[in-house]
Amino acid sequence: METHGPLGTLWVSIGLGCFYIALIWLNTLLGFFLTPLFTIPGTWLMDKMASRRTQQQV
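To keep things clear, this report deals only with the structure shown in the data block. Since we're looking at a predicted model, the values are computed, not measured.

Conventions used here
- Per-chain numbering applies: the sequence of each chain, read as written, is numbered from 1 onward.
- Only residues with pLDDT of at least 70 get local features here, since the model is predicted, and only at 80 or more are side-chain atom pairs given and counted; chain-wide, interface and lining totals rely on the full set of residues.
- Side-chain measures were taken over the full set of non-hydrogen atoms in the model, leaving aside hydrogen atoms and water.
- Secondary structure elements are taken from DSSP: a helix is a run of H or I of four residues or more, a strand is a run of E of two residues or more, and numbering for both begins at the N terminus.
- Note on method: radius of gyration uses C-alpha positions; expected globular size equals 2.2 Å times residues raised to 0.38.
- For every residue, the accessible area obtained with a 1.4 Å probe (protein chains only) is divided by the maximum for its type, and the residue is called buried under 20%, exposed over 50%, and partly exposed between those limits.
- Like-charged residues within 9 Å of one another, or nonpolar side chains (Val, Leu, Ile, Met, Phe, Trp, Tyr) within 5 Å, are grouped into patches, provided each residue has over 30% relative accessible area and no salt bridge.
- All accessible areas in this document rest on Shrake-Rupley with a 1.4 Å probe, and a residue is counted as covered only by the protein chains that are shown.
- One speaks of a salt bridge when a side-chain nitrogen belonging to Lys or Arg is within 4 Å of a carboxyl oxygen belonging to Asp or Glu.
- By convention, a stacked pair of Phe, Tyr or Trp rings (six-membered ring in the case of Trp) has centres within 6.5 Å and planes under 30 degrees apart, an edge-to-face pair has planes over 60 apart, and any other such pair is tilted.

**Overview of the overall build of the protein**
(1) Moving on: Across its full length, the protein holds 1 helix and 0 strands.
(2) Moving on: For 58 residues, the compact-globule formula gives about 10 Å, and the C-alpha radius of gyration of the protein, at 25 Å, lies well above that figure.
(3) Moving on: Seen through its C-alpha atoms, the protein measures out along the principal axes to roughly 80 × 20 × 10 Å.
(4) Moving on: Relative to its 58 residues, the protein shows a buried fraction of 0%.

Here it is in C-alpha cells:
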C-alpha cells in the first residue's frame, strides 16, 4: 500500500470537502429553480379544472 503522508491526506480531504460543498450548492439551486417550473403550471391546471367544475354545476 502506498502512503502519501499527512499532506496528501489533507489535500484529498480539502478536495472532497470542496466537492461536497459544490454538490450541496448545486442541488439547492436546482431545487429553487426547478420547483416553480412544475408548481406554477400545476396551479394553472388546477385553476382550469376548478373553473370547469363550477361551470358544470351552474
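Now, onward.
**A few points about a nonpolar patch on the surface**
(1) Moving on: A cluster of nonpolar side chains, W25, L26, L30, L34, L37 and F38, forms an exposed patch at the surface whose accessible area comes to about 670 Å².
(2) Moving on: Mapped onto the elements of the fold, L26 is located in helix α1 (residues 5–57).
(3) Moving on: On the basis of relative accessibility, which here comes to 43%, the residue L26 falls in the partly exposed class.

**Some points on the packing of aromatic side chains**
(1) Moving on: As enumerated under the stated definition, the model contains 1 aromatic pair in all.
(2) Moving on: Centroid distance F19 to Y20: 5.2 Å. Interplanar angle 70°. Geometry classified as edge-to-face.
(3) Moving on: Y20 gets classed as partly exposed once you look at its relative accessible area, which sits at 47%.

**So, the environment of L10**
(1) Moving on: The topology assignment puts L10 in helix α1.
(2) Moving on: Among the residues examined, L10 registers a relative accessible area of 47% and is labelled partly exposed.
(3) Moving on: Considered as a pair, L10 and I21 are 11 residues apart in the sequence and their alpha carbons are 16 Å apart.

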